[in-house]
Amino acid sequence: MQTLVHVDGARIHYEVAGRGPVLFIAQSGEGDAGRTVDLVARLVDRFTVVTYDRRGLSRSRPGDPAARVSVRQHADDAAAVLRQVTDGPAIMLGLSLGAAIGLHLLAAHPGAVGTLIAHEPIALRFLAPADDAEARAQLESVRAVHRRDGWRAAAVRVAAVLGIDPRGQETEPGVTPFPFTEQRAANFEFFLANDLAAVLTDPLTLADIPAGARILPAVGRTSPPDGFDFRAAQALAAHLGVPAHPFPGGHNGNLTHPGAFADAVRQLATA
């Protein structure tokens, strides 16, 4: 099922498939609802899976395309989607920026999410000062490449910053390819122009995480351990006094290893 919910300043496209407890997936980067197609296909036997196009991507149209969107605004949009599909707390899988959105959801919308699997959240204020400064310099370098050379060059830089080798990475057989279509290019433009700025100005700290929230930090087994996203997950785990659960693949393991990734989600979500 595909439908829209109208929110403040935008309409948000979301999709629902499967049956069982609600599992809400918030993607990373320029990923829209369709980007998780391989992962969703392996979860619908156990969950009612909800995916969506984040504000500014694909079919989620803002009323003012030039208006800035914060991570908190993305969380408010996600809460609006969840209100359409469930009356109770959902399980949430947040990936990268999606994990930061999930953490904002817990802080700003109590009761919307019961369990959050936070895979390598891009939450810079979780980091030690030196690591925070290094991460900001890396992300600013992405923005500089975007301004100078365009989105394709910036996409290459993003992959390098996150320790992703698109040509050399291992994948499970039969994963769906995602060529750079005109729509994906537009999504990348929005992500680079808006969402990176939102990450850099996001005020969320570890002190904002509500006490008692069920948060399961996760990291990619092949993610560089010195990557800021990996370190943010480790900082979150240390703050909560829980382990950071290893997931298949790297920062984009949900795309490269959807079968094994789904198994890990199923195991944690139902524990």
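For the structure, check the block above.
Evaluation of the coordinates by the stated rule reveals six aromatic pairs. Centroid distance Phe188 to Phe191: 6.4 Å. Interplanar angle 70°. Geometry classified as edge-to-face. Linking Phe188 with Phe191, this pair stays in helix H6 (residues 182-200), spanning three residues, or about one helical turn. The buried category is assigned to Phe188, whose relative accessible area is 6%. The lysine or arginine in question, Arg35, covers the ring of Phe178, its NZ or CZ lying 5.0 Å from the ring centre. One residue, Arg46, lies across the ring of Phe47, its end atom 5.2 Å from the ring centre.

This part is about the environment of His13. Position of His13 relative to the elements: it lies in strand E2 (residues 10-18). A residue is classified by how much of its surface remains accessible, and His13, at 5% relative accessible area, is buried. Between the C-alpha atom of His13 and that of Glu140, which follows or precedes it by 127 residues, the distance is 30 Å. Among the polar contacts made by the side chain of His13, one reaches the side chain of Glu15 at a distance of 2.9 Å.

A few words now on the pattern of salt bridges. A complete count under the given rule lists 14 salt bridges for this structure. Salt-bridge contacts for Arg35 lead to Glu30; the nearest nitrogen and oxygen are separated by 2.5 Å. Overall, Arg35 belongs to the buried group, its relative accessible area being 13%. A salt bridge links Asp131 to Arg231, with the nearest nitrogen and oxygen atoms 2.8 Å apart. Of the two residues, Asp131 is situated in helix H4 (residues 129-149) and Arg231 in helix H7 (residues 228-240); the sequence distance between them amounts to 100 residues.

Moving on: the packing of helix H2 (residues 71-85) against helix H3 (residues 97-108). Where H2 contacts H3, the axes come no closer than 8 Å and their chain directions differ by 75°. If you check the angle between H2 and H3, you find them roughly perpendicular. Taken together, the residues of H3 that come into contact with H2 (itself represented by Val71, Arg72, His74, Ala75, Ala78, Ala79 and Leu82) are Leu97, Ala100, Ile101, His104, Leu105 and Ala108. Split by residue class, the contact of H2 with H3 holds ten nonpolar, two polar and one charged.

Here eight strands make up an open sheet; going across it, the order is E1-E2-E4-E3-E5-E6-E7-E8 and the pairing mixed. Since the sheet does not close on itself, it has two edges, and those belong to strand E1 (2-7) and strand E8 (245-247), each with one partner. Direction aside, neighbouring strands of the sheet carry axes that sit 25° apart on average. Inspection of the sheet shows strand E5 (residues 90-95) paired to strand E6 (residues 113-119) by six bridges, in the parallel sense. Across the sheet, the residue bridging to Ala90 is Val113, located in E6. Across the sheet, H7 lies against E6 and strand E7 (214-220), angled at about 145° from E7, the strand it touches most. Contacts between helix H9 (residues 258-269) and the sheet are confined to strand E3 (22-26), E5, E6, E7 and E8, with E8 contributing the most and set at about 155° to the helix.

All right, on to the nonpolar core then. Counting residues in hydrophobic clusters, the biggest one holds 64 residues, and the most contacted among them are Tyr52, Leu103, Leu105, Leu124, Phe126, Leu192 and Phe228. Leu39, Val49, Phe247 and Ala264 belong to the second-largest nonpolar core, a separate cluster that totals 20 residues.

Below, the discussion takes up unusual backbone geometry. Most of the time, phi is negative for any residue but glycine, and the peptide bond is trans. Positive phi values are uncommon outside glycine, yet Ser96 reaches one of about 60°. In this structure, Ser96 sits in the loop between E5 and H3. Given the relative accessible area of 4%, Ser96 is considered buried. Phi is positive for Glu120, which is not a glycine, with a value near 45°. Relative to the elements of secondary structure, Glu120 occurs in the loop between E6 and H4. Since its relative accessible area comes to 0%, Glu120 is described here as buried.

About the thresholds
Residues numbered from 1 in each chain as written. Predicted model: local features only at pLDDT ≥ 70, side-chain atom pairs only at ≥ 80, totals over all residues. Heavy atoms only, no water. Phe/Tyr/Trp six-rings, centres within 6.5 Å; stacked < 30°, edge-to-face > 60°. Helix = DSSP H or I, 4+ residues; strand = E, 2+ residues; numbered from the N terminus. Buried < 20%, exposed > 50% of the residue type's maximum accessible area, 1.4 Å probe, protein only. Lys NZ or Arg CZ within 6 Å of the ring centre and 35° of its normal. Polar contact = N/O pair within 3.5 Å; in protein donor to acceptor, adjacent residues only side chain to side chain. Salt bridge = Lys/Arg side-chain N within 4 Å of Asp/Glu carboxyl O. Axes fitted to C-alpha atoms, helices over the stretch in contact; angles between N-to-C directions. Parallel < 35°, antiparallel > 145°, perpendicular 65-115°, else oblique. Contact = heavy atoms within 4.5 Å. Nonpolar A, V, L, I, M, F, W, Y, C, P; charged D, E, K, R; others polar. Pairing = 2+ DSSP bridges. Core = buried A, V, L, I, M, F, W, Y, C linked by side-chain atoms within 4.5 Å.

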